[in-house]
Amino acid sequence: MLAEFGDIVVSAGVLDQLGAAMNSGRAMFIHGPAGSGKTYLAERLAGLLCGAISVPHALYVGGEVIQMYDPVVHREPEGSGSADDAFHSRLARDGRWIACRRPAVLTGGELTLDMLDLKFDETTRYYQAPPHLKANNGIFIVDDLGRQRCSPTDLLNRWIVPMDRKVDFLSLHTGYKFQVPFDVIVVFSSNLPPAELGDGAFLRRIGYKIHVGPMVENDYRSIFMRACDEHGIAWCGETFDYLVREHHVREDRPLLACYPRDLLSQVR
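Residues numbered from 1 in each chain as written. Predicted model: local features only at pLDDT ≥ 70, side-chain atom pairs only at ≥ 80, totals over all residues. Heavy atoms only, no water.

Caption draft 1: Focus on helix α9 (residues 217–231). Across its 15 residues, α9 extends 21 Å between first and last C-alpha, which sits within 8% of the 21 Å expected from 1.5 Å per residue. Every buried residue of α9 is accounted for by Y220, I223, F224, A227, C228 and H231. Each buried residue of α9 sits inside an arc of 140° when the element is viewed along its axis, so together they form one side. Turned more than 90 degrees away from the buried face of α9, the exposed residues are N218 and D229. Looking at the buried residues of α9, the elements they touch are α10 (237–249) and α11 (259–267). One or two steps after α9, the chain reaches G232, where phi turns positive at roughly 70°. (Helix = DSSP H or I, 4+ residues; strand = E, 2+ residues; numbered from the N terminus. Expected span 1.5 Å × (residues − 1). Buried < 20%, exposed > 50% of the residue type's maximum accessible area, 1.4 Å probe, protein only. Arc of directions from axis to C-beta. Contact = heavy atoms within 4.5 Å.)

Listed below in structure tokens is the structure:
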């Protein structure tokens, strides 16, 4: 955990909660004001998933082909070791599978309920697996929950059974229904508090509700200093103190992680 997040500024309390959530394998809800760094933290969680996995090129169900392997989602493993080499050697002898890093799939406001079902391509005559099926053995991030083109309640209700039983059910256009694994850590990210997005039946299936809020001044200073280095701007402590005093304290504006990069990009 410390190795993956050692290059970013985040409070120890948030880091402990993220580590516990990932270790549990249960769904988590990261919430807080816009610009607090929720999405960035969620994406960095993928670095905690180690080891290669085997992904089938396709599934054959009810006489139909479902494409599983997606080069955008399933990346070649990094590094090698004796265990990984043996794993890759076994897969090389079986062309149905391919070795990949554990996937991390990010969706945002474009997510609809239809996207969580099989998509049949009339031209190729085979199906595309939905994103959460491709994310098996990894994480699936639903960013900006509440901004999707479907209501949060409908979206959350769609996953009550999968998150509880670790299986999902999909249907072919013929009406044939079948079961698939739901071995994925779901990460919800939203500006809205959990109580406004779902009822108790759903919220109790989310093991961790993690609040990412404004920063303390020392952490905010550290981010500003790093942002100055990245943008090639000389650090000036007096300018920083003026910013905090006149534009944060006086105007009651919270110290959010997004401001250093945004402000220095404009200055440059």
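Caption draft 2: Structural context of the pattern of salt bridges. In the structure shown here, the tally under the stated rule is 11 salt bridges. Among the ionic pairs, E122 bridges to R125, the shortest N-O distance being 2.8 Å. Owing to a relative accessible area of 49%, R125 belongs among the partly exposed residues under this scheme. Its salt-bridge partner being R221, residue D241 comes within 3.2 Å of it at the nearest N-O pair. Of the two residues, D241 is situated in helix α10 and R221 in helix α9; the sequence distance between them amounts to 20 residues. Salt bridges linked by common partners bring D117, R158 and D168 together as one network. (Salt bridge = Lys/Arg side-chain N within 4 Å of Asp/Glu carboxyl O.)

Caption draft 3: Layout of the layout of surface pockets. Empty space within the largest pocket amounts to approximately 820 Å³. Forming the boundary of the largest pocket are 32 residues, of which V9, G37, Y40, I223 and A257 lie nearest the centre. Elements represented by at least two residues in the lining of the largest pocket include exactly α3 (38–44), α9 and α11. By residue number, the principal contributor to the lining of the largest pocket is α3, which donates 6 residues. In this model, the second largest pocket occupies a volume close to 350 Å³. Lining the second largest pocket are 17 residues; nearest its centre among them are A46, G47, R101, R102 and A104. Elements represented by at least two residues in the lining of the second largest pocket include exactly α3 and β6 (104–107). (1 Å grid on protein atoms, 1.4 Å probe; cavity = no way out; pocket = protein on both sides within 12 Å on 5 of 7 lines; lining within 4 Å. Points joined across faces, edges and corners; volume = space filled by probe spheres on them.)

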